[in-house]
Amino acid sequence: MRRILTSALTVLIAAAMPAAAHAQLPQIPRLPASSSADIQGEINHRLEDARAQVEDFSSQAFPHTAPGKKAPAAPAPKKPQPRSEGGVDCANCVAITYDDGPGAETNRLLDKLKAKNAHASFMVIAPSAEQHPELLKRMKAEGHTIGNHTKSHRQLNTLSYEQVSQEIDAGNAAIKKATGQGTRWVRPPYGATNATVDQVTRDKGVSQALWDVDTVDWKDRNSEHVCSSAVQGARAGSIVLMHDIHPTTVDAADCVIDGLRAKGLEPVSMDRLLRTPVAGKRYYARG
Ligand SMILES: [Zn+2]
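Presented here is an overview of the structure given in this document. Counting restarts for each chain, with residues numbered from 1 along the sequence as it is written. Since the coordinates come from a predicted model, pLDDT governs what is reported: local features require at least 70, and pairs of side-chain atoms require 80 or more to be given and counted, while whole-chain, interface and lining totals use all residues.

1. Quick word on the nonpolar core
Argument step 1. One finds Val94, Ala230, Ile239, Val240 and Val256 to be the most contacted residues of the largest nonpolar core, which totals 59 residues.
Argument step 2. A pair of residues counts as a contact when their C-beta atoms, built from backbone coordinates, are within 7 Å of each other. For Val240, the contacting residues outside a window of four places in its chain are Val94, Ala95, Ile96, Thr97, Trp211, Val213, Thr215, Ala230 and Ala234. The term nonpolar core means buried Ala, Val, Leu, Ile, Met, Phe, Trp, Tyr and Cys residues held together as one set by C-beta atoms within 7 Å. For the exposure call, what matters is how many other C-beta atoms sit within 10 Å of a residue's own: 20 or more marks it buried, 12 or fewer exposed, and in between partly exposed, using C-beta atoms placed from the backbone.

Here is the structure:
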């Protein structure tokens with residue numbers, strides 16, 4: 001058993017290394033898939049968790065979009081495109097999320113998602129939600145997740161418990177008024193959270209939807225950059241941050257969806273990615 005585990009780990013590590021490094025390794029005998037699949041699955045899962053933690057730090061230290069960097073063309077499809085949202089366990093799912101709306105571009109984005117049979121999450125601000133209840137109704141009817149991006153987009157980590165509570169309550173009330181149902185998800189503006197936000201969200205039974213892939217789409221307003229950042233940064237379980245108030249981001253939606261699918265990933269809603277979120281928890285990705 002120990003020999004199988006060691007061999008499986010060696011094979012996995014070798015497979016995970018870049019091609020150049022891999023070429024320098026000695027030949028390692030592969031185990032039959034049937035005897036090592038379970039072990040490899042578990043190791044894969046743990047590796048993904050470790051990568052997510054590294055990416056949490058590196059995404060803050062190293063922005064994904066380098067100035068002047070040329071966006072590569074969308075990768076060629078490698079396998080048949082999934083259409084079932086990742087099967088029973090959603091192993092290949094990625095949550096694509098859009099903040100700060102709804103706005104003038106949101107309907108166009110909903111059209112694109114519908115045409116591609118893809119799902120997303122919309123983190124709405126209360127005044128905009130109150131202004132466009134028809135858009136929230138459409139989001140819900142078409143299977144997207146609606147999240148609470150607060151009332152006035154303040155940095156929640158600078159506010160008191162009571163102020164955070166009011167920001168969240170107002171956002172939730174706007175969503176409930178439009179759709180008849182509240183939301184399990186709060187997205188703290190700027191990703192600014194702290195122990196107070198943890199406590200308020202825990203007390204309200206909602207969870208924090210943060211992200212591990214920041215497209216920085218608000219900055220250079222370049223569709224190719226939005227697409228390459230989203231697609232290159234995403235792995236199974238990722239949460240991708242975008243904003244549906246920018247035409248360039250909406251323009252990129254087809255490329256994002258096609259690019260993710262070409263990597264074997266399926267864009268889904270937050271409720272699909274994380275069916276039973278823990279109240280108060282900060283989710284940067286699944287896992
Ligand atoms: Zn925002």
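2. Examining the pairing of strand S2 (residues 121-124)
Argument step 1. Residue alternation in S2 divides its side chains into two sets, Ser121 and Met123 and Phe122 and Val124, and both sets are buried.
Argument step 2. In this structure, strand S1 (residues 93-99) lies alongside S2, joined through three bridges in parallel fashion. Looking at S2, one finds that Tyr98 is bridged to Phe122.
Argument step 3. With strands facing away from the observer, any crossover in which the path from the first strand over the helix to the second runs clockwise is taken as right-handed. The way it works is that DSSP assigns letters per residue, a run of H or I at least four long becomes a helix, a run of E at least two long becomes a strand, and they are numbered from the N terminus. Handedness of the crossover is the feature at issue here: the chain leaves S1, passes through helix H4 (residues 106-116), returns alongside S2, and the resulting connection is right-handed.
Argument step 4. Should DSSP find at least two bridges between two strands, the strands are taken to pair. Where S2 lies against strand S3 (residues 145-148), four bridges are found, and the strand directions are parallel. Residue pairing in the sheet places Ser121 in a bridge with Thr145 of S3.

3. Some details on the environment of Lys281
Argument step 1. Within the secondary structure, Lys281 is located in the loop between helix H13 (270-273) and strand S9 (282-283).
Argument step 2. When the 14 C-beta atoms within 10 Å are taken as the criterion, Lys281 is described as partly exposed.
Argument step 3. Contacts of Lys281, omitting those with residues within four sequence positions, involve Ser207 and Gln208.

4. What to know about helix H7 (residues 161-179)
Argument step 1. Expected span of a helix, by definition, is 1.5 Å for each gap between consecutive residues, and there is one gap fewer than residues. Between the first and last C-alpha of H7 there are 27 Å, a value that for 19 residues agrees with the 27 Å anticipated at 1.5 Å per step.
Argument step 2. Tucked into the core, H7 has its buried residues touching S2, helix H5 (126-131), helix H6 (133-141), S3, strand S4 (185-186) and helix H8 (195-204).

5. A closer look at the pairing of S1
Argument step 1. Taking burial as the measure, the seven residues of S1 include seven buried ones, the bulk of the element.
Argument step 2. The two faces of S1 match: Cys93, Ala95, Thr97 and Asp99 on one face and Val94, Ile96 and Tyr98 on the other face are all buried.
Argument step 3. Where S1 and strand S8 (residues 266-268) come together, three bridges link them in parallel fashion. Of the residues in S8, the one forming a bridge with Ala95 is Val268.
Argument step 4. In terms of strand pairing, S1 meets strand S7 (residues 239-243) through five bridges, oriented parallel. Bridged to Ala95 within S7 is Ile239.

6. Some words on the packing of H7 against H8
Argument step 1. Inter-axis angles, ranging from 0 to 180 degrees, are taken between N-to-C directions of lines fitted to C-alpha atoms, where helices are fitted over the stretch in contact. Following both chains from N to C, one finds H7 and H8 inclined at 50°, their axes separated by 9 Å at the closest point. It follows that H7 is oblique to H8 by the angle criterion. Here H7 runs over H8; the crossing is right-handed. Every residue of H8 that contacts H7 at Tyr161, Val164, Ser165 and Ile168 is listed here: Thr196, Val197, Gln199, Val200 and Lys204.
Argument step 2. For this scheme, ten residues count as nonpolar: Ala, Val, Leu, Ile, Met, Phe, Trp, Tyr, Cys and Pro. Four count as charged, namely Asp, Glu, Lys and Arg, and the remainder, Gly too, count as polar. Grouping the amino acids of the contact of H7 with H8 by side-chain chemistry returns five nonpolar, three polar and one charged. Any angle that falls under 35 degrees is termed roughly parallel, while one over 145 is termed roughly antiparallel, one within 65 to 115 roughly perpendicular, and all others oblique. By the definition used in this description, the sense in which the near helix is turned from the far one sets the handedness, with an anticlockwise turn below a right angle giving left-handed and a clockwise turn giving right-handed.

7. Quick look at the packing of H4 against helix H12 (residues 253-262)
Argument step 1. The N-to-C vectors of H4 and H12 enclose an angle of 30°; their axes lie 10 Å apart at closest approach. As far as their axial angle goes, H12 and H4 are roughly parallel. The way H4 lies across H12 gives a crossing that is right-handed. On H12, the residues touching Leu109, Lys112, Leu113 and Lys116 of H4 are Ala253, Asp254 and Ile257.

8. Examining the environment of Ala141
Argument step 1. Within the element layout of this structure, Ala141 appears in helix H6.
Argument step 2. We classify Ala141 as exposed; it has 10 C-beta atoms within 10 Å.

9. Comments concerning the environment of Ala95
Argument step 1. Structurally, the position occupied by Ala95 is in strand S1.
Argument step 2. Using a count of 29 C-beta atoms within 10 Å as the deciding quantity, one classes Ala95 as buried.
Argument step 3. Residues contacting Ala95, with those up to four places away along its chain left out, are Ser121, Ile239, Val240, Val268, Ser269, Met270 and Leu273.

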